[in-house]
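Fold and contact review
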Amino acid sequence: MLNRREVLLLLVNYFDIITVAVLFLGAIFLFSKGWRWVSNDIPGRLGLPFLGETFSFLSATNSTKGCYDFVKLRRLWYGKWFKTRLFGKIHVFVPSTNGAKMIFTNDFVHFNKGYVRSMADAVGEKSLLCVSHENHKRIRRLLSDPFSMKSLAEFVQKFDKMLCQRLKKLEQERKSFVVLDFSMKITFDAMCNMLMSITDYSLLRKIEKDCTEVSNAMLSFPVMIPGTRYYKGIKARERLMETFKEMIDRRRSGKEFEEDFLQSMLEKDSCPPSEKLDDSELMDNLLTMIIAGQTTTAAAMMWSVKFLDGNREAQDKLREEQSSIARNKAEGASLTLEDITKMSYGSKVVKETLRMSNVLLWYPRVALNDCKVEGYEIKKGWHVNIDATCIHNDPELYPEPLQFNPSRFDEMQKPYSFIPFGSGPRTCLGINMAKLTMLVFLHRLTSGYKWTVDDMDCSLEKKAHIPRLRSGCPITLRSI
């Protein structure tokens, strides 16, 4: 035991260390507890500077409950509105249609797109997702050609042909297959064919592997440490840029020529800067369109199979509509846009799938100035996340929101209550392509086959920025 004199001596000799320790502990208390009352009483916990609750968020992302479990827990603790700190930035989650309207209608005025650094690093600084207002309008206009009605009509027929061949092969093999894997490959192949006329199997798989690494890095800690998801994603991005650059060089030298999106962009080389994309803009947005067109649509296709399996009444009603369309077509004829317009119930199935699956959980924006959203003070530089998942599961907007019920879309929805593609000037460029892809898939699946789900596990895939079943939804087909 130390006597009184020895204790006093220790206090004198180590006074500076003790003082620093006390101040440090006080600072921790201030940051983790005292900061709860910032921002006009928006509840929440900001934690330590920079780190905040980042590790809790990454932990949720690495669980089979998915990253949105992080949001759900804080809603239980703080209510619908809450704030947190992720990757060094303050985030406010906006849960209402009025909040969504205020932010979407003020895009580029009071708000700009806001992604975590890892996501922006993955797709590139000249991606449509990351550029300034002026460049966004120009790039969006120049990227619009693949999504014109003429291009979509051609896409529907090519995708339908590809889909019929692959489904027939799977049914003949009479083996269980994973819907997510199937939909990821076919949407990827269709996008690469449309954009760059790539059909070589080995090249497709090489690009797909690198795109998967990039996608996996989009919600990771942005530190270049070998072996981490971020490191692998950035290295994969570098390889993809080299692959795209080689393709561009071959096209420019005349060694290759295809009637596709890439060729149409390169034919504008002599145009003024406002009417063309430079090479880095072109490559960043090729990557963006491939990843965005593959991951979200493929996940939605998987969820449509899962939801329809759980509601046989909806499945039978959809099959009746699609079989009627199929009977009125010549054998072996591809679907057309005219056929798609007849899929009234099918369109409602697509909408209900998108509402329930929430493949885009929320829409991130950054406040450009101090402002208010529904009376809450938002500071310049804060991230405001329009929480589509919360809105889509609001029982006041959608009675029994966890029940798969396509007929709820018989009625007009309240503005900003259905936002699977966002809204305003940043509405998803591929909105019509995604819907058409799903409708073609559902038509061929329900008019030609029945299926059984071979794994009913509802756990989510770990480390995914899009909600996907861990099992991928394996099914076995049998022809009708």
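Refer to the structure above for everything that follows.
We now turn to the structure provided with this report. (Residues numbered from 1 in each chain as written. Predicted model: local features only at pLDDT ≥ 70, side-chain atom pairs only at ≥ 80, totals over all residues. Heavy atoms only, no water.)

**What to know about the nonpolar core**
Among the nonpolar cores identified, the biggest contains 113 residues, and F57, L195, M196, F244, L282, F441 and I475 are the most heavily contacted of them. In terms of residue count, the dominant contributor to this core is helix α14 (residues 279-310) (16 residues). Ignoring sequence-local partners within four residues, the contact set of F57 consists of C67, F70, L86, F87, L219 and W362. Ranked by size, the runner-up nonpolar core spans 21 residues in total, among them V94, Y363, V384 and I419. (Core = buried A, V, L, I, M, F, W, Y, C linked by side-chain atoms within 4.5 Å. Buried < 20%, exposed > 50% of the residue type's maximum accessible area, 1.4 Å probe, protein only. Helix = DSSP H or I, 4+ residues; strand = E, 2+ residues; numbered from the N terminus. Contact = heavy atoms within 4.5 Å.)

**Observations concerning the packing of helix α15 (residues 312-327) against helix α17 (residues 344-357)**
Taken N-terminus to C-terminus, the directions of α15 and α17 make an angle of 140°; their axes are 8 Å apart at the nearest point. It follows from the interaxial angle that α15 and α17 lie oblique. Seen along the crossing, α15 lies across α17 with a hand that is left-handed. In this structure, α15 uses A314, K317, L318, E321 and Q322 to contact α17, whose residues at the interface are S344, Y345, G346 and V349. Class assignment for the residues of the contact of α15 with α17 results in 4 nonpolar, 3 polar and 2 charged. (Axes fitted to C-alpha atoms, helices over the stretch in contact; angles between N-to-C directions. Parallel < 35°, antiparallel > 145°, perpendicular 65-115°, else oblique. Left-handed = near helix turned anticlockwise from the far one by under 90°. Nonpolar A, V, L, I, M, F, W, Y, C, P; charged D, E, K, R; others polar.)

**Quick look at the environment of M247**
Following the sequence through the fold, M247 ends up in helix α12 (residues 229-253). Residues M247 and M196, 51 residues apart in the sequence, show an inter-C-alpha distance of 8.8 Å. Not counting chain neighbours up to four residues away, the residues in contact with M247 comprise M196, I198 and L262.

**Overview of the environment of R319**
As for its position among the elements, R319 is in helix α15. Judged by relative accessible area, which is 8%, R319 ranks as buried. In sequence terms R319 and F188 are 131 residues apart; their C-alpha atoms lie 26 Å from each other. Setting aside its immediate chain neighbours within four residues, R319 contacts T446, Y449, K450, W451 and I480.

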